[in-house]
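# Summary of the model geometry
As a plain string of letters, each chain reads:
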Amino acid sequence: MKRVAIVGFGIAGSAAARLAPEGCTVVVFDAGILRCSSRVATGLVNPIVLKRRRAVWRAKEALEAAHRMYPAEFCSTEPIYEVLQTAAEVNDWGALQDHPALGEFLGELVDAPEYVRGLKLGMVRGSFRLRIAAYLDWASQHFEFSKDPVVQLRQLDSGAWLINESQEFDSVVLCEGYQARWAEHFWGDLGFARTWGQGLRIQSTADSSLMLHRKHFLVPEGEGIQHLGSTYSWGIEHGDLDPPKADEGHTQELLKSAKSWFEGEIQVLDAWTGIRPTTKDRRPRWGWHPELKGLGLLNGLGSRGTLHAPLLATELWNSAKF
Ligand SMILES: Cc1cc2nc3c(=O)[nH]c(=O)nc-3n(C[C@H](O)[C@H](O)[C@H](O)COP(=O)(O)OP(=O)(O)OC[C@H]3O[C@@H](n4cnc5c(N)ncnc54)[C@H](O)[C@@H]3O)c2cc1C
């Protein structure tokens, strides 16, 4: 029986733990939820970069893996809809349905509801929302879980890995998110360019039951409460910081954006922030250390953690040699 340690239990660590090969004993280390970006994420599994009207990197296979991995009870049955305000936008949506990479995700056009200032809504085919905190709570119950931070990690002469000078493992997979302390220690510069984002919990007079996007997302939480987000900002130099405090400028940016297409009064109830493990080339970092046997990595998921984690965790384990 191989002993595997997963360091970090956000969306990356949960995928790596759940997809570990049969016959492995998995132990998860997660220092706590305060710095866990997955728990503040909206949880949208979206194969399109809506602002640029292009498909996300490896969208089709990632979406298939995501549909296979997430239990239906944590997934919305409704897809995302893009708000199209002008005739030109509606025409473009129709024309792009023939695009080789993007077309398969551009679904039907439906009428915009009365609380939306727009002509039509374009459905994003295959998209859904993962109720990510509930999913992580559920997934965590299946593994031995340590709330200790990993503060010491070294390889013994035997090849085994020693965590916090007390527990030995055949393999360690680093899923630390933006903090990436051990990933950067063993791999060196991984090309992170971390970004932070802010979301709002709002109450509005409009009856919004759809997940809508125009520049930002408006996602229903039930009983007139909606989730509005998220902003995107550079300027996080190190991985060892707490997320910045909610910022009035970001609140105003979100409200301005929503008011450009959303009818009705909006009352802000709450604001929160998180840090994304983004990279300069916008590509994830996953695989096994070229020299240190048994040391794996799944990080750099940027703003698409829910979409890419299942596919990349599958590939990580398919290429494992131990
Ligand atoms: C406001 C906002 C909205 C977002 N919305 C979406 C969205 O709708 N859809 C989407 O796909 N993505 C979204 N994202 C991006 C998403 O949050 C990330 O892609 C994803 O959370 C990254 O997951 P992760 O598992 O790599 O990191 P994390 O979720 O940050 O998990 C890493 C975990 O590792 C633990 N850890 C780190 N170091 C150690 C250590 N030494 N010892 C023990 N534990 C450690 C941390 O405590 C943490 O719990 C959003 C991000 C933000 C900020």
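Quick caveat, the model's predicted, so the values are computed rather than measured. (Residues numbered from 1 in each chain as written. Predicted model: local features only at pLDDT ≥ 70, side-chain atom pairs only at ≥ 80, totals over all residues. Heavy atoms only, no water.)

### Quick look at the packing of helix α1 (residues 11-18) against helix α7 (residues 305-318)
Two elements in contact, α1 and α7, have axes whose closest approach is 8 Å; the angle formed by their N-to-C orientations is 35°. Between α1 and α7 lies a crossing of right-handed hand. Counting all contacts with α1, which are made through Ile11, Ala12, Ala15 and Ala16, the residues of α7 involved are Gly305, Thr306, Ala309, Pro310, Ala313 and Trp317. Considered class by class, the residues forming the contact of α1 with α7 number eight nonpolar, two polar and no charged. (Axes fitted to C-alpha atoms, helices over the stretch in contact; angles between N-to-C directions. Helix = DSSP H or I, 4+ residues; strand = E, 2+ residues; numbered from the N terminus. Left-handed = near helix turned anticlockwise from the far one by under 90°. Contact = heavy atoms within 4.5 Å. Nonpolar A, V, L, I, M, F, W, Y, C, P; charged D, E, K, R; others polar.)

### Some thoughts on the nonpolar core
A general tendency of soluble globular proteins is for nonpolar side chains to be buried together. By size, the foremost hydrophobic cluster in this structure holds 58 residues, and its most contacted members are Ile6, Ile11, Tyr70, Leu130, Tyr135, Val173 and Trp317. With seven residues, the single largest contributor to this core is α7. Per-domain counts for this core show at least three residues from each of domain 1 (1-43 + 131-192 + 281-322) and domain 2 (193-276). The contact partners of leucine 130, leaving out residues within four places of it in the chain, are Ile11, Thr42, Gly43, Val45, Tyr70, Phe74, Cys75, Tyr135 and Thr306. (Core = buried A, V, L, I, M, F, W, Y, C linked by side-chain atoms within 4.5 Å. Buried < 20%, exposed > 50% of the residue type's maximum accessible area, 1.4 Å probe, protein only. Domains from an automatic or database assignment.)

### Notes on the pattern of salt bridges
As enumerated under the stated definition, the model contains 15 salt bridges in all. Residue glutamate 104 pairs with lysine 60 through a salt bridge whose shortest N-O separation is 3.6 Å. Highlighted residues: glutamate 104 in the loop between α3 (87-96) and β7 (106-111) and lysine 60 in helix α2 (residues 59-69), separated in sequence by 44 residues. For lysine 60, a relative accessible area of 46% puts it in the partly exposed group. Here glutamate 184 and arginine 194 are joined by a salt bridge, their closest N and O atoms 3.3 Å apart. Placement of glutamate 184 in helix α5 (residues 181-187) and of arginine 194 in strand β15 (residues 194-204) is noted, with a sequence separation of ten residues between them. Accessibility expressed as a relative area gives 27% for glutamate 184, which makes it partly exposed. Through salt bridges with shared partners, a single network forms among Arg35, Asp240 and Asp242. (Salt bridge = Lys/Arg side-chain N within 4 Å of Asp/Glu carboxyl O.)

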